[in-house]
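Now for the letters of each chain:
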Amino acid sequence: MTRSFHTVTVESAAEAYVLSRGKARFLSIAQEIRAIRTLMPACQVTDRDLEELVAAASIIHGVPVAFDLKTAVAAEPRLHS
């Protein structure tokens, strides 16, 4: 019996998270980043890059997204739908 595992990429993890939250009122970027960091603790991608991946996947799948990650670029939460 062959046992094989698929490689999980940051992009596929972000898209899977978005799809799992499709029926929610909106998707929280901060929660998404925590989920990815938990799933992939060795992930070297910056929070800003993760934010962009999640935003892109959210737009593609029509899921409203809350830009609630506090960064130096954005001090206030933003909502995009």
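Read on for an overview of the structure. (Residues numbered from 1 in each chain as written. Predicted model: local features only at pLDDT ≥ 70, side-chain atom pairs only at ≥ 80, totals over all residues. Heavy atoms only, no water.)

**What about the packing of helix α1 (residues 10-20) against helix α3 (residues 47-61)?**
At their nearest, the axes of α1 and α3 sit 9 Å apart, and the two run at 50 degrees to each other. One way to sum up the angle between α1 and α3 is to call them oblique. Here α1 and α3 pass one another in a crossing that is right-handed. On the side of α1, the interface is formed by Val-10, Glu-11, Ala-14, Glu-15, Val-18 and Leu-19, while α3 contributes Leu-50, Leu-53, Val-54, Ala-57, Ser-58 and His-61. Of the residues that constitute the contact of α1 with α3, the class distribution is eight nonpolar, two polar and two charged. (Axes fitted to C-alpha atoms, helices over the stretch in contact; angles between N-to-C directions. Helix = DSSP H or I, 4+ residues; strand = E, 2+ residues; numbered from the N terminus. Parallel < 35°, antiparallel > 145°, perpendicular 65-115°, else oblique. Left-handed = near helix turned anticlockwise from the far one by under 90°. Contact = heavy atoms within 4.5 Å. Nonpolar A, V, L, I, M, F, W, Y, C, P; charged D, E, K, R; others polar.)

**Some points on the nonpolar core**
One finds Val-18, Leu-27, Ile-29, Ile-36, Met-40 and Val-54 to be the most contacted residues of the largest nonpolar core, which totals 19 residues. When contributions to this core are tallied by element, the ones reaching two or more residues are α1, α2 (29-39), α3 and β2 (65-67). In terms of residue count, the dominant contributor to this core is α1 (five residues). Those residues in contact with Val-18, other than ones at most four positions away along the chain, are Leu-27, Val-54, Ala-57, Ser-58, His-61 and Val-63. (Core = buried A, V, L, I, M, F, W, Y, C linked by side-chain atoms within 4.5 Å. Buried < 20%, exposed > 50% of the residue type's maximum accessible area, 1.4 Å probe, protein only.)

**Considerations on the pattern of salt bridges**
In this structure the tally under the stated criterion is three salt bridges. Of the charged contacts in the structure, one is a salt bridge between Arg-48 and Glu-51, with a shortest N-O distance of 2.9 Å. Pair noted here: Arg-48 and Glu-51 are both in helix α3, with a separation of three residues, about one helical turn. One salt-bridge network, held together by shared partners, links Arg-48, Glu-51 and Glu-52. (Salt bridge = Lys/Arg side-chain N within 4 Å of Asp/Glu carboxyl O.)

**A few points about the environment of Thr-46**
Relative to the helices and strands, Thr-46 resides in the loop between α2 and α3. Along the backbone, Thr-46 and Ile-33 are 13 residues apart, and their C-alpha atoms lie at a distance of 9.7 Å.

**Observations regarding α1**
Residues separated by three or four positions in an α-helix point in the same direction, a consequence of the helix having 3.6 residues per turn. If you check which residues of α1 are buried, you get Val-10, Ala-13, Ala-14, Tyr-17 and Val-18. The buried side chains of α1 occupy one side of the element, clustering within an arc of 135 degrees when seen end-on. Close packing links the buried residues of α1 with β1 (27-28), α2 and α3. (Arc of directions from axis to C-beta.)

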